[in-house]
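# Breakdown of the fold
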Amino acid sequence: MLPVERHRFITEILTQRGRILVQEVAQLCRISLETARRDLALLEKRGVLLRSHGGAVFTEHSAGEKTYVPSQIEQGESFRDRSNQSPDSKTRIAKRALQLINPGDCLLLDSSSTSWYLARQLPDIQLVVLTNSVQIIQTLSVKANVRTIGLGGEYSAKYEDFVGVLAEQMLKEFVINKLFFSCHGISHEGGIRESNEHHARLKQQMLLSSEHKILLADSSKFGRRSFARICHYREIDTLITDHLEDEEFRQELAWSNVNVIEVSPSPLQKKTKNSRNGPLAAAHN
């Protein structure tokens, strides 16, 4: 970890917890106690913290120093709002994703509503699931054979999840078979993007920690302009979506070796659904 990365890491821990021990800095950053003390001394000179016996406590940043603002993670729609959008598409996408899961897999699920739909349908088999989503943790708590590991960090009541440097650091300790994640938008030029930089950064670390990357995205995500970049689509292995209309984009994904799986309802399913909503259906209600 570079010095600038260590300093950001230490600062974010202090903003979240208010204090940190020298020994914790050394262990988390994998550095010597002497280097940890020098880092704390440097941050004290910048006005970020006050050193105390065996550690440091948080203080206000000096003028001109960039302040960490927790409210930045609140950009975007809430989990509750997103979970009510496109439920049929998300259910079909989640059911198709189940076919990629085998007993004994170690899975990583992000805090997207589509991953929550997947978690709800996971069978009670031998699995290890890591996630930063409170809703997914609660959903999996009733599945006796699924071992669930929660990623800590700064809690967002709006998103009902954890983000930040602690969650990112924890991911570096694991090798994960399959990542299932979603995004806010996908475009030809911008790649796969999120509504805020904190979720984007966490998902970048999720990609680095995972062997197979599977993007779950309904068709409303295509062409949507979003604030923060996660990655280029060539960095994923599989895209599961309800429908992909743009043939040019489909070809670009093929050139990038992305396997595209579409789960739009068949003509027969559409016809059946329409008939249920027609006059005969009304007569039976």
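Rules used in this analysis
- Residues numbered from 1 in each chain as written.
- Predicted model: local features only at pLDDT ≥ 70, side-chain atom pairs only at ≥ 80, totals over all residues.
- Heavy atoms only, no water.
- Buried < 20%, exposed > 50% of the residue type's maximum accessible area, 1.4 Å probe, protein only.
- Helix = DSSP H or I, 4+ residues; strand = E, 2+ residues; numbered from the N terminus.
- Contact = heavy atoms within 4.5 Å.
- Pairing = 2+ DSSP bridges.
- Axes fitted to C-alpha atoms, helices over the stretch in contact; angles between N-to-C directions.
- Right-handed = clockwise from strand over helix to strand, strands pointing away.
- Expected span 1.5 Å × (residues − 1).
- Polar contact = N/O pair within 3.5 Å; in protein donor to acceptor, adjacent residues only side chain to side chain.
- Phe/Tyr/Trp six-rings, centres within 6.5 Å; stacked < 30°, edge-to-face > 60°.
- Lys NZ or Arg CZ within 6 Å of the ring centre and 35° of its normal.

Looking at an unreviewed UniProt entry, one finds the protein chain named DeoR/GlpR transcriptional regulator and attributed to Rahnella contaminans.

### A closer look at helix α6 (residues 113-121)
With respect to burial, α6 is a largely interior element, 7 of its 9 residues being buried. Listing the buried residues of α6 in full gives S113, T114, S115, W116, Y117, L118 and A119. In the core, the buried residues of α6 are packed alongside α4 (79-83), α5 (87-98), β4 (106-109), α7 (134-140), β9 (176-181) and β12 (210-216).

### Observations regarding the sheet that holds strand β14 (residues 238-241)
Hydrogen bonding along the main chain pairs the strands of a sheet, whether they run parallel or antiparallel. Taken in spatial order, the 7 strands of this open sheet run β6-β5-β4-β9-β12-β14-β15, and their pairing is parallel. Since the sheet does not close on itself, it has two edges, and those belong to β6 (146-150) and β15 (259-262), each with one partner. Each adjacent strand pair in this sheet contributes to an overall mean axis angle of 20 degrees, direction not counted. Here helix α9 (residues 197-209) sits on the sheet and contacts β4, β9 and β12; the angle it forms with β12, its principal contact strand, is near 130 degrees.

### Regarding the sheet that holds strand β11 (residues 191-194)
Read across the sheet, 3 strands follow the order β10-β11-β13 without closing on themselves; strand pairing throughout is antiparallel. Taken across any chain shown, the strands that pair with only one partner, and hence form the sheet edges, are β10 (185-187) and β13 (228-231). Here the average twist between neighbouring strands, direction ignored, is 40 degrees. Note: β11 against β13, 3 bridges, orientation antiparallel. In the sheet register, R193 faces β13, and the bridge partner there is R229.

### So, the side chain of H7
With respect to the helices, strands and loops of the structure, H7 is situated in helix α1 (residues 3-17). When its relative accessible area of 9% is taken as the criterion, H7 is described as buried.

### Some details on the pairing of β14
Going residue by residue along β14, you find T238 and I240 tucked away on one face and L239 and T241 tucked away on the opposite face as well. Handedness of the β-α-β unit built from β14, helix α10 (residues 247-255) and β15 comes out right-handed.

### What about the pairing of β4?
Going residue by residue along β4, you find C106 and L108 tucked away on one face and L107 and L109 tucked away on the opposite face as well. Here β4 pairs with strand β5 (residues 127-131) via 4 bridges, running parallel. Residue L107 lies in a different strand from β5, and its bridge partner there is V129. In this fold, β4 hands off to α6, which returns the chain to β5; that crossover is right-handed.

### Looking at α9
Under the 1.5 Å per step criterion, the end-to-end length of α9 is 19 Å for 13 residues, consistent within 8% with the ideal 18 Å. For α9, the full list of buried residues reads H198, H199, A200, L202, K203, Q205, M206, L207 and S209. Two or three places before H198, at the opening of α9, N196 has a side-chain oxygen 3.1 Å from that residue's backbone nitrogen.

### Examining the packing of aromatic side chains
Evaluated as defined, the whole model comprises 5 aromatic pairs. Among the aromatic residues, those joined into a cluster by ring pairs are F79, W116 and Y117. Geometry around W116 places R120 over its ring, the cationic atom sitting 4.4 Å from the centre. Just above the ring of Y117 sits the side chain of R120; from NZ or CZ to the centre is 5.1 Å.

### Focus on the side chain of S133
Tracing the backbone through its elements, the reader meets S133 in the loop between β5 and α7. For S133, a relative accessible area of 1% gives the class buried. Polar side-chain contacts of S133 include one of 3.3 Å to the backbone nitrogen of Q135.

### Side note on unusual backbone geometry
For R30, which is not glycine, the phi dihedral falls at a positive 60 degrees. Tracing the chain through its elements places R30 in the loop between α2 (22-29) and α3 (33-45). Look at R30 and you get exposed, because its relative accessible area is 63%. The residue S86 is not glycine, and still its phi comes out positive at about 50 degrees.

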